[in-house]
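The primary structure of each chain is shown beneath.
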Amino acid sequence: MSRSYFHLHLVSDSTGETLINVGRAAAVQYEGISAIEHVYPLVRSGAQLERVISEIKAAPGLVLYTLVGHDLIERLEEACRETGSPTLNVLQPVHALLRSYLGATSTERPGAQHMLNAEYFKRIDAMNFTLAHDDGNLPDDLDEADVVLVGVSRTSKTPTSIYLANRGLKTANLPLVPSMPLPPSFDRVRKALIVGLIASPERIVQIRQNRLLSLKADDNSSYVDRESVADEIAASRRLCAKYRWPTIDVTRRSIEETAAAILDLYREHRLKFIAT
């Protein structure tokens, strides 16, 4: 393939999150080739689909879709054949497997996964809790959390907390500051899983320097001194070892990978907690 980019059209009758994740997960495997994304969420009428088709005709490429209406599917595939744009119904193989295994037919409900059910409101509750308990705020009720993240500054505690909240886990996070003791409430934590996030000194220094640069602040301080940062991280390791908290090295992990590791730890923690 001589070109370094291609047009990727993502057509959904819901939010498009499924398509975006699938498309990016696949496209990133091809080095040197970039996908120009065209995302079309909430496509549920013929008029909306025609506007999508006009954009596909203007920039033909690969078309991934998650539509449940047969008329919309037929019209989209017909238009894509005319433009020579390969198409794939991303959920169709999964539905086919489910139908075969369950011996049942699916109901055609666009956006069914986003219904306002108990799971949805659980995520909203988790998000509210997480935002209120960011960066060491409200430490007295830490045991109401599902997960508590601790670590030195710039170990991605806040974004990881928000990601976990979106998965339904009430998550608090607390920065570990040199010579500052833990809040007394840590002694009362029984239900929550406490996880330490660590990273290499080089990585922390790099992130902190970028942070200070964005704030136009002076970087001649222990905050970005490699030896001081190394001492901070060593102290955080000792603290986690003292309390037997599991640690995760986030140096080369994405937020999603860190969260996945925490979810695994949380499942094990819950099993042990229930058993006792």
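Because the structure is predicted, anything quoted here is derived from the model rather than measured.

Enquirer: Which parts of the structure should I look at to understand the pairing of strand S5 (residues 147–151)?
Expert: It is a general feature of regular strands that their side chains alternate between the two faces of the sheet. The buried fraction of S5 is high, at five of five residues. Both faces of S5 are covered, namely the face carrying Val147, Leu149 and Gly151 and the face carrying Val148 and Val150. Chirality of the crossover, the property in question, places the unit of S5, helix H6 (residues 157–166) and strand S6 (residues 171–175) among those that are right-handed.

Enquirer: How should the sheet that holds S6 be read in this particular structure?
Expert: Strand pairing in a sheet is mediated by backbone hydrogen bonds. Such pairs are either parallel or antiparallel. If you walk across this open sheet you meet the four strands as S6-S5-S7-S8, and the pairing is parallel. Strands with a single pairing partner mark the edges of an open sheet, and in this sheet they are S6 and strand S8 (247–249). The average angle at which neighbouring strand axes cross in this sheet is 25°, direction not considered. Note that S5 and S6 share five bridges and pair parallel. Across the sheet, residue Val150 finds its bridge partner in S6, namely Leu174. Where H6 meets the sheet, its contacts fall on S5, S6 and strand S7 (193–198), and the angle it forms with S6 comes to roughly 175°.

Enquirer: In this structure, what is going on with the pairing of strand S3 (residues 62–66)? I would like to understand it.
Expert: Within S3, four of the five residues are buried, which leaves it mostly tucked inside the rest of the structure. The pairing of strand S1 (residues 5–12) with S3 spans five bridges and is classified as parallel. Looking across to S3, one finds that Leu8 is bridged to Leu62. By the bridge criterion, three bridges tie S3 to strand S4 (residues 87–89) in an arrangement that is parallel. In the sheet register, Val63 faces S4, and the bridge partner there is Thr87. Considered for its hand, the β-α-β crossover made up of S3, helix H3 (residues 70–83) and S4 is right-handed.

Enquirer: Help me understand the packing of helix H7 (residues 201–215) against helix H8 (residues 226–243) in this model?
Expert: The axes of two packed helices give the description: the angle between them and the distance between them. Between H7 and H8, the shortest axis-to-axis distance is 9 Å and the interhelical angle comes to 120°. Comparing the axis directions of H7 and H8 gives the class oblique. Between H7 and H8 lies a crossing of right-handed hand. Residue-level contacts link Pro201, Glu202, Ile204, Val205 and Arg208 of H7 to Arg226, Val229, Ala230, Glu232 and Ile233 of H8. Classifying every residue of the contact of H7 with H8 gives six nonpolar, no polar and four charged.

Enquirer: Can you help me understand the packing of aromatic side chains in this one?
Expert: Aromatic ring pairs are described here by two measures, namely the spacing of the ring centres and the angle between the planes. Counted according to the given criterion, the structure contains two aromatic pairs. Where Phe186 meets Trp245, the ring centres are 5.7 Å apart and the plane angle is 45°; that geometry is what we call tilted. Of this pair, Phe186 sits in the loop between S6 and S7 while Trp245 sits in the loop between H8 and S8, and the two are 59 residues apart along the sequence. The pair Phe186 / Trp245 is uniform in exposure class, with both members buried. For the pair Tyr243 and Trp245, a centre-to-centre distance of 4.8 Å together with 15° between the ring planes defines the contact as stacked. Classification of Trp245 as buried rests on a relative accessible area of 13%. One aromatic cluster is present, formed by Phe186, Tyr243 and Trp245 through successive ring pairs.

Enquirer: Would you mind showing me how to read the UniProt feature "binding site: ADP" (unreviewed entry) in the protein chain here?
Expert: The sites that UniProt annotates as "binding site: ADP" (unreviewed entry) are Gly151, Val152, Ser153, Arg154, Thr155, Ser156, Lys157 and Thr158. Relative to the helices and strands, Gly151 resides in strand S5. Apart from the residues lying within four places of it in its own chain, the contact partners of Gly151 are Lys157, Leu174, Pro175, Leu176 and Leu197. You can see Thr155 is positioned in the loop between S5 and H6. For Thr155, a relative accessible area of 0% corresponds to the buried category. When near neighbours in sequence (up to four residues on either side) are disregarded, Thr155 contacts Leu197, Ile198, Ala199, Ile204 and Val250.

So, how was this worked out
Residues numbered from 1 in each chain as written. Predicted model: local features only at pLDDT ≥ 70, side-chain atom pairs only at ≥ 80, totals over all residues. Heavy atoms only, no water. Buried < 20%, exposed > 50% of the residue type's maximum accessible area, 1.4 Å probe, protein only. Helix = DSSP H or I, 4+ residues; strand = E, 2+ residues; numbered from the N terminus. Right-handed = clockwise from strand over helix to strand, strands pointing away. Pairing = 2+ DSSP bridges. Axes fitted to C-alpha atoms, helices over the stretch in contact; angles between N-to-C directions. Contact = heavy atoms within 4.5 Å. Parallel < 35°, antiparallel > 145°, perpendicular 65-115°, else oblique. Left-handed = near helix turned anticlockwise from the far one by under 90°. Nonpolar A, V, L, I, M, F, W, Y, C, P; charged D, E, K, R; others polar. Phe/Tyr/Trp six-rings, centres within 6.5 Å; stacked < 30°, edge-to-face > 60°. UniProt positions renumbered as here; feature names shortened; annotations may be inferred.

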